[in-house]
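One letter stands for each residue in the lines below.
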Amino acid sequence: MKRLTVAQKDLLLPVPYSERLFCIEKGLLQNGQRCQIGDCVLAVDPLKHELREPTKFTVRYKGSLRERRDRGTPYAGIYFGLVSTEPVQNFGPRQISCFKSIYSPDVLQYVIKERNEGDHQAVLCSLDWIVGLVDKKFALKSGDQVLWFDDERPTPLRGVVVRIVNDKLASVNFDMDGKKKSIDVEIEALMLASDYEVDTAERPRSPYPFDSQSDASAAAAAAAAADPHAAASGHRRQGSDYDNAPPPPYEPVDPLALATEHGLELNAAILVEEPRNHQPQQGFLRWCGSYRNEAIAGVDCEMTPFDSVSASAVRRACPDAPTDSSISFVQLNRVRLDPRFRETRSPAPDLTPSQRFGHKTCEIVDGDCKPVAHEHWGKLVGPSRGIQGHHNSCYLDATLFAMFTTVSVFDGVLNRKRNKKKDIPEYEEIQKCLKLNIVNCLREHQFVRADHVIKLREQLDKLGKVPGMLGEEKDPEEFINLLLDHALKHDPYIKLSSNQACHVLQLFVDSSQYDLKLPDTETLLHLTLLQAGLKLTQTPSCLVLQTPRSGKDYKLFDRVVPSTELDISNLLTEHPRQCCVCGKLAELECHDCFLQFQEASKDYTFCKKCFDNNKDHKNPKAQHKTVGIKYPKQVTKKYGKDKPVECPVKMKLFAVVCIHTSHYVCFLRLCQPDNRPAKWLFFDSMADRSGLESGYNIPEVTDAGDIDSWLNGSKLKDSSVQPPPEVKRLLSDCYLCFYSNEEAAMYR
Ligand SMILES: [Zn+2]
Ligand SMILES: [Zn+2]
């Protein structure tokens, strides 16, 4: 087994778990490692690769997005900013002129700072998008330290370029088994050693494994023979102390104190002075330390500053120096604070909403509006539909769109009168904004302009309960709890037998004893409550389930199937329940039977007679433990021992909020009135963008086709048929699943 290097791990971090192996096996990882800023690559959205030919892009950015924090956690790993120089296939003319990204647009703007004449489209993406390198601008010179990626070897071989033979071959000096050997190698298979960090776990014990004195002088001699200029002037990439003696013993310094001493702050935006006639480099200060009795800084700049100190030498000398490949080291006295870093990014206050957010009007609607009825569903589809995203609002846009567009189960929230004793003073203001500015606009105009959502965010921000409501990205469940629980004090939808109540139920299971390859939400809901020893004390009018994952960072299962229907009969405390064998009133539960028999059946309730007749429980090895079921008197009276029980309680799926690399979107499932297959719509509040820094997002709702036929039945288990991209996305990204029970909604 090959171990991944730090550089490889960094490239794989932003890639979804399910795609990582593919990237390693199909050479995408190697492509990603080799391509640099300025290279031409072929890229395609991995979710749509069946539909699209790869497009030629130029790499405009490669690096970390560490300073772009997302709910307090940085984007992990290495990202690519690509710009296409030719029209993208299968995009309409509207998209071609715009910048489009699966990440929030302001991150894209950060990465691709300016738009050149002839740029058609920009994407910020991870490694899995890049399917090929077209034109590797790999200017190799003699004297360069390189790594040779030879398929025969477990680790790359390090050497020094002696001579460029032609545009395909280079003659490289390698140290093989203690002997110097010069080999002609394909340039394609080489990589500059400075672009590549060796995993510490692989590092040989010798402190100077690659450029010991003898190696260095041999390399210098070889380089001098081939190209006297390179040896004389010293190669920039090679590091300025290449042939110096080993560094003195390390004396640790406090980076924080050192930065303060120089009037700097760690992680602050800084400028690095460059030689005369060059603009200073912008970047961020990441580290300070002492190297060879000189104060040096670890800076994260787009390009390596001139005359930077050899990174590998600093890291060898200072074990606490950052190992991130995007960091270069320069003398600390070249670094100063960027005077522009406190510059505010908010637009001039005298702009009207239509100047800021486009000309589509969005009049506030008074009174009560019904959800969009099935005869008007067609009006929902198209560009500029749904809620217009602005500045990390996607979690809120996707959630509100799910809750209010086509269902009324949450309407109680909009209409409850203020209770002077119980409610907060801002209650009416927030409720009015939610109802008139957002829900009514969504239902009447099928469009909510971004300033309406900003107003709600401002009101919620003022409550001071959750910091950063105005600008930061949050989790949808955090928003639901803030809005429904804290601001509007709505009676919780979910009531548990432990006397706890909540608006969102987090699914969490110990899956160790089960074979859950592709679990559905119904199974996970039952397992969650069984393992916690909990029941629901009443049928919820709506049930929001959070899949077992934590945002974009952690997933218990690669994919989860949102069940289109949940049978919750067995989860209700007072509901008559059916024996899974004979259909009469069940008297006991056997949790050990759950998912054990009949192709992982979800049955676990029995009458005493059927339980005793079942061999599987009697097997002494199985040792199934039972729990008796206690019913209210009227239930036992009504059903007795002989009457069949036939009244399942079901919840219907109506929306799913999905997350992919910290961007939230929403799928709506529309149940047709006459039992025709449900329709599915897909909503993205930042689907498109008009203009760059001062522009605005264009939300969009698209038809997502027939998804029900994939979620129900056995098609997903058949590995010979590939689900369409929408279904793949739904399964791998589903985060919150919204269910309703209309009967319960009518009584409450
Ligand atoms: Zn029975
Ligand atoms: Zn059992």
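Residues numbered from 1 in each chain as written. Chains lettered and ligands numbered in written order. Predicted model: local features only at pLDDT ≥ 70, side-chain atom pairs only at ≥ 80, totals over all residues. Heavy atoms only, no water.

Q: It is not clear to me how the overall build of the protein should be interpreted in this structure. Could you clarify?
A: For the protein, the helix and strand inventory stands at 23 helices and 33 strands. By sequence separation, contacts in the protein at least 24 residues apart represent 66% of the contacts at least 6 residues apart. As displayed, the protein offers around 36300 Å² of accessible surface, 50% of which is attributable to carbon and sulfur atoms. (Helix = DSSP H or I, 4+ residues; strand = E, 2+ residues; numbered from the N terminus. Contact = heavy atoms within 4.5 Å. Areas by Shrake-Rupley, 256 points an atom, 1.4 Å probe, with all protein chains shown as cover.)

Q: Would you explain the nonpolar core in this entry?
A: Looking at soluble globular proteins, one finds that nonpolar side chains tend to be buried together. Core analysis: the largest hydrophobic core is formed by 109 residues, its most contacted members being Phe410, Leu434, Leu456, Leu460, Leu525 and Phe738. Of the residues forming this core, the biggest block, 9 residues, is contributed by helix α12 (residues 394–404). Looking at this core, you find at least three residues from each of domain 4 (353–370 + 379–498 + 651–747) and domain 5 (576–647). For Phe410, the contacting residues outside a window of four places in its chain are Met403, Phe404, Leu484, Tyr493, Cys542, Val544, Phe654 and Phe738. Core analysis: the next-biggest nonpolar cluster, separate from the first, contains 19 residues, Val41, Phe57, Leu82 and Ile130 among them. (Core = buried A, V, L, I, M, F, W, Y, C linked by side-chain atoms within 4.5 Å. Buried < 20%, exposed > 50% of the residue type's maximum accessible area, 1.4 Å probe, protein only. Domains from an automatic or database assignment.)

Q: Help me understand the coordination of the zinc ion (ligand 1) in this model?
A: By definition of the ideal shapes, a tetrahedral metal site with four donors has angles of 109.5 degrees and an octahedral site with six donors has angles of 90 or 180 degrees. Surrounding the zinc ion (ligand 1) are the protein donor atoms Cys579 (SG), Cys582 (SG), Cys607 (SG) and Cys610 (SG), at 2.3 Å. One can describe the site at the zinc ion (ligand 1) as tetrahedral: its 4 donor atoms subtend angles covering 97 to 118° at the metal. Sequence spacing among the residues donating to the zinc ion (ligand 1) works out to C-x2-C-x24-C-x2-C. Here Cys607 lies in the loop between β27 (605–606) and α18 (608–613) and Cys582 lies in the loop between β25 (565–567) and β26 (588–590), a separation of 25 residues in the sequence. (Donors = N, O, S within 2.8 Å, 3.2 Å for Na, K, Ca; no water. Tetrahedral: all angles 85-135°; square planar, octahedral: opposite > 155°, others 65-115°.)

Q: Just to check I follow, could you spell out the pattern of salt bridges for this structure?
A: Side chains bearing opposite charge may pair, as long as their charged atoms lie close to each other. The final tally for this structure, using the stated rule, is 15 salt bridges. As a salt-bridge pair, Glu273 and Arg336 come within 2.5 Å of each other at their nearest N and O atoms. Of this pair, Glu273 sits in the loop between β11 (269–272) and β12 (281–291) while Arg336 sits in strand β15 (residues 335–337); the two residues are 63 residues apart in sequence, bridging distant segments of the chain. Arg336 gets classed as partly exposed once you look at its relative accessible area, which sits at 35%. (Salt bridge = Lys/Arg side-chain N within 4 Å of Asp/Glu carboxyl O.)

Q: Explanation requested: the packing of aromatic side chains in the structure shown.
A: The relation between two aromatic rings is expressed through the spacing of the ring centres and the mutual angle of the planes. Under the definition given, this model contains 12 aromatic pairs. On the numbers, 6.2 Å between centres and 85° between planes, the contact of Tyr395 with Phe479 is edge-to-face. Linking Tyr395 in helix α12 with Phe479 in helix α16 (residues 476–487), this pair joins segments that are 84 residues apart in sequence. With a centroid separation of 4.2 Å and 25° between ring planes, the pair formed by Phe401 and Phe683 is classed as stacked. Separated by 282 residues along the polypeptide, Phe401 in helix α12 and Phe683 in strand β31 (residues 679–690) bring together distant segments of the chain. We note that Phe401, like Phe683, is buried. Ring pairs connect the aromatic residues Phe404, Phe410, Tyr493, Phe654 and Phe738, which therefore count as one cluster. Note that Lys360 overlies the ring of Phe447, its terminal NZ or CZ placed 5.2 Å from the centroid. Here the guanidinium or amino end of Lys715 rests over the ring plane of Trp710, the centre of that ring lying 4.3 Å away. (Phe/Tyr/Trp six-rings, centres within 6.5 Å; stacked < 30°, edge-to-face > 60°. Lys NZ or Arg CZ within 6 Å of the ring centre and 35° of its normal.)

Q: Sorry if this is basic, but what is going on with the environment of Gln355 here?
A: Counting through the fold element by element, Gln355 comes out in helix α10 (residues 353–357). With a relative accessible area of 49%, Gln355 lands in the partly exposed category.

Q: Would you explain the sheet that holds β26 in this entry?
A: Consider a sheet: its strands pair through backbone hydrogen bonds, and that pairing is either parallel or antiparallel. If you trace the 3 strands from one edge of the open sheet to the other, you get β27-β26-β28, paired in antiparallel fashion. The strands lining the two open edges of the sheet, one partner per strand, are β27 and β28 (626–628). Here β26 runs beside β28; their pairing, made up of 3 bridges, is antiparallel. Bridging from a neighbouring strand, Cys590 pairs with Thr626 of β28. (Pairing = 2+ DSSP bridges.)

Q: Just to check I follow, could you spell out unusual backbone geometry for this structure?
A: Excluding glycine, residues mostly have negative phi values, and the peptide bonds linking residues are mostly trans. Despite not being glycine, Lys489 has its phi angle at roughly 40°, a positive value. Positionally, Lys489 belongs in the loop between α16 and β19 (494–495). According to the relative accessible area criterion, Lys489 is partly exposed, its value standing at 25%. Of note, Asn675 is a non-glycine position whose phi angle comes to about 65°, a positive value. In this structure, Asn675 sits in the loop between β30 (663–670) and β31. For Asn675, a relative accessible area of 75% translates into the label exposed.

Q: I'm lost on the confidence of the model for the protein in this one. Help?
A: Detailed reading of predicted coordinates is not advised where the pLDDT is low. Put simply, the protein has an average pLDDT of 79, and 78% of its residues get 70 or more. Residue range residues 70–74 is modelled with pLDDT below 50. Its contacts to residues more than four positions away, or to other chains, number 16 contacts. Counting interchain partners and residues more than four positions distant, the pLDDT-below-50 stretch residues 342–348 has 5 contacts. (pLDDT = per-residue confidence, 0-100.)

Q: Please explain the side chain of His452 as it appears in this structure.
A: Position of His452 relative to the elements: it lies in helix α15 (residues 450–462). Within the structure, His452 has its side chain in polar contact with the backbone oxygen of Cys362 (distance 3.3 Å). When residues no more than four places from it in sequence are discounted, the contact partners of His452 are Cys362, Ile364, Cys433, Asn437, Ile438 and Cys441. (Polar contact = N/O pair within 3.5 Å; in protein donor to acceptor, adjacent residues only side chain to side chain.)

Q: Help me out: how do you make sense of the environment of Leu525 in this one?
A: Of note, Leu525 is situated in helix α17 (residues 521–532). C-alpha separation for the pair Leu525 and Leu571, spaced 46 residues apart in sequence, amounts to 9.2 Å. The contacts of Leu525, once residues within four sequence positions are left out, are Leu505, Leu507, Leu543, Leu545, Leu566, Ile568 and Leu571.

Q: Any chance you could explain the sheet that holds β15 here in plain terms?
A: Strand order in the open sheet made by the 5 strands is β14-β13-β12-β11-β15, with antiparallel pairing throughout. The sheet terminates laterally at β14 (327–331) and β15, the two strands that pair on one side only. In this sheet, neighbouring strand axes are inclined to one another by 45° on average, regardless of whether the strands run parallel or antiparallel. One ladder, built from 4 bridges, connects β11 with β12; its direction is antiparallel. Bridge pairing in β12 places Ala269 opposite Phe284. (Axes fitted to C-alpha atoms, helices over the stretch in contact; angles between N-to-C directions.)

Q: Looking at this structure, how should I read the packing of α12 against α16?
A: Geometrically, a packed helix pair is captured by the angle between its two axes and the distance between the axes. As a packed pair, α12 and α16 sit with axes 9 Å apart at the nearest point and diverge in direction by 65°. At the point where α12 passes α16, the crossing takes the right-handed sense. In contact with Tyr395, Leu396, Thr399, Leu400 and Met403 of α12, α16 contributes Pro476, Phe479, Ile480 and Leu484. (Left-handed = near helix turned anticlockwise from the far one by under 90°.)

Q: I would appreciate a short explanation of the pairing of strand β22 (residues 542–546) in the present structure.
A: Consecutive side chains of a regular strand alternate in pointing toward one face of the sheet and then the other. When you tally the buried positions in β22, you get 5 out of 5 residues, the bulk of the element. Across the two faces of β22 the burial is the same, with Cys542, Val544 and Gln546 and Leu543 and Leu545 all buried. Sheet topology note: the strand β21 (residues 504–506)/β22 ladder contains 3 bridges and is parallel. Within the sheet, the bridge partner assigned to Leu505 lies in β22 and is Leu545. Crossover connection from β21 via α17 to parallel β22: handedness right-handed. In the sheet, β22 pairs with strand β33 (residues 734–740) via 5 bridges, with the strands oriented antiparallel. (Right-handed = clockwise from strand over helix to strand, strands pointing away.)

Q: What exactly am I supposed to notice about α16 here?
A: In an α-helix there are 3.6 residues to a turn, and that puts residues three or four apart on one side. Here α16 spans 15 Å end to end across 12 residues, near enough to the 16 Å set by a 1.5 Å rise per residue. For α16, every residue scored as buried is listed here: Pro476, Glu477, Phe479, Ile480, Leu482, Leu483, Leu484 and Ala487. One or two positions beyond α16, positive phi appears at Lys489, with a value near 40°. (Expected span 1.5 Å × (residues − 1).)

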